[in-house]
Amino acid sequence: MAISGAFPSRRCTIGYGGASTSVTSHTAIGEVHDFSGPELERSMAEVTHLNSDNGFREFVPGWIDPGSIEFTCNYVPGDTSQQTLLATSTAITSVSTSTPMQYYAAPTYWSINFSDGAATTSFSTIVFGGHWQGWSWSIPFDDRVTARGRIKLTGMHTLTTAA
C-alpha cells in the first residue's frame, strides 16, 4: 500500500508583500486560523447552432477568472500585520494629475505558503496579485472576536513547489 503524500495545514500561511512578488519579503497575516481559495473558473461561450450534432449544445472555453481568497483570523487590534492590512485596504492612487477623477488601486502581491516542505524554510508557494474586496468582524456572544478578509485576484498566479 502506498504512503500518502498529504500534509497538515499546520504552518501554512497567507501573507502580503505590497509591490514585491518575492515571498521572502512578504509579511504573514497574524493569527490566521483558516483560509480558502483561489477558486479558478473558466467561462464557457455557447456556440450551438441549428446543425449541431445530435441536438447537443456546444461550448468553447473563454476567459479565466482567478477567483478570490478568503481568510479568517483572530482579531488582534495590536497586531501590526492586521493594522497594515486595514490601513492599506482603502489606499487609492490617482492615475493622472490632469484628470484627478481617474483612480485605481494598484494590486498588492500576496502569497500562500504550504507546509509541505521537509523544513520550516522549504515550502510550496502561490504568489498572486490581488485587490482588497472585503473586511469584516465577527463578535459572537460567547466566543473569540474574529476578522474575515477577502482578496479578489487579478491576473495569473505563480506556483512554485517545495525543493
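As the structure is a computational prediction, the values presented were derived from the model and not from experiment.

1. Some remarks on the nonpolar core
So, step 1. Grouped together as the largest cluster of nonpolar side chains are 16 residues, with contacts concentrated most on Ile 14, Ile 29, Phe 71, Leu 85, Trp 110 and Phe 128.
So, step 2. For this core, the elements supplying multiple residues, two or more each, are strand 1 (13-16), strand 6 (68-74), strand 9 (108-113), strand 10 (125-138) and strand 11 (146-160).
So, step 3. With 4 residues, strand 10 is the single largest residue contributor to this core.
So, step 4. Those residues within four positions of Phe 71 in sequence are excluded, and the remaining contacts are Ile 14, Ile 29, Val 32, Asp 34, Phe 35, Leu 85, Trp 132, Trp 135, Ala 147, Arg 148, Gly 149 and Ile 151.

2. Focus on the environment of Ser 68
So, step 1. For Ser 68, the position within the fold is in strand 6.
So, step 2. A C-alpha to C-alpha distance of 5.1 Å links Ser 68 and Pro 38, two positions 30 residues apart in sequence.
So, step 3. With residues near it in sequence (within four places) discarded, Ser 68 still touches Ser 36, Gly 37, Pro 38, Glu 39, Gln 133, Arg 150, Ile 151, Lys 152 and Leu 153.
So, step 4. In this structure the side chain of Ser 68 is engaged in a polar contact, spanning 3.4 Å, whose partner is the side chain of Gln 133.

3. Brief notes about the pattern of salt bridges
So, step 1. Going through the model one piece at a time under the given rule, you end up with 4 salt bridges.
So, step 2. Between Arg 57 and Glu 46 there is a salt bridge; the shortest N-O distance is 2.6 Å. Placement of Arg 57 in the loop between strand 4 (41-46) and strand 5 (59-65) and of Glu 46 in strand 4 is noted, with a sequence separation of 11 residues between them.
So, step 3. Residue Arg 57 is classed as exposed on the basis of its relative accessible area, which comes to 58%.

4. Points about the layout of surface pockets
So, step 1. Within this model, the second largest pocket holds a volume of roughly 180 Å³.
So, step 2. Ranked by the residues each element gives to the lining of the second largest pocket, the list is headed by strand 3 (residues 32-36), at 4 residues.
So, step 3. Here the lining of the second largest pocket is composed, by residue class, of 5 nonpolar, 3 polar and 1 charged.

5. A look at the environment of Leu 159
So, step 1. If you trace the backbone, Leu 159 turns up in strand 11.
So, step 2. Along the sequence, Leu 159 and Phe 128 sit 31 residues apart, while their C-alpha atoms lie 9.0 Å from each other.
So, step 3. Beyond its immediate stretch of four places on either side in the chain, Leu 159 contacts Thr 125 and Ile 126.

6. Description of the pairing of strand 1
Within a regular beta strand, the side chains point alternately toward one face of the sheet and then the other, so they alternate between its two faces.
So, step 1. With 4 bridges connecting them, strand 1 and strand 9 associate as antiparallel partners. When the sheet's bridge partners are listed, Thr 13 is paired in strand 9 with Asn 113.

7. Let's talk about the packing of aromatic side chains
So, step 1. Using the criterion set out here, one finds 7 aromatic pairs in the structure.
So, step 2. Measuring from ring centre to ring centre gives 5.9 Å for Trp 110 and Trp 132, while their planes differ by 80°; the resulting arrangement is edge-to-face. Here Trp 132 lies in strand 10 and Trp 110 lies in strand 9, a separation of 22 residues in the sequence. Assigned by exposure class, Trp 110 and Trp 132 land together as buried.
So, step 3. Within the aromatic cluster, the residues linked to one another by ring pairs are Tyr 16, Phe 71, Tyr 75, Trp 110, Trp 132, Trp 135 and Trp 137.

What counts and how
Residues numbered from 1 in each chain as written. Predicted model: local features only at pLDDT ≥ 70, side-chain atom pairs only at ≥ 80, totals over all residues. Heavy atoms only, no water. Core = buried A, V, L, I, M, F, W, Y, C linked by side-chain atoms within 4.5 Å. Buried < 20%, exposed > 50% of the residue type's maximum accessible area, 1.4 Å probe, protein only. Helix = DSSP H or I, 4+ residues; strand = E, 2+ residues; numbered from the N terminus. Contact = heavy atoms within 4.5 Å. Polar contact = N/O pair within 3.5 Å; in protein donor to acceptor, adjacent residues only side chain to side chain. Salt bridge = Lys/Arg side-chain N within 4 Å of Asp/Glu carboxyl O. 1 Å grid on protein atoms, 1.4 Å probe; cavity = no way out; pocket = protein on both sides within 12 Å on 5 of 7 lines; lining within 4 Å. Points joined across faces, edges and corners; volume = space filled by probe spheres on them. Nonpolar A, V, L, I, M, F, W, Y, C, P; charged D, E, K, R; others polar. Pairing = 2+ DSSP bridges. Phe/Tyr/Trp six-rings, centres within 6.5 Å; stacked < 30°, edge-to-face > 60°.

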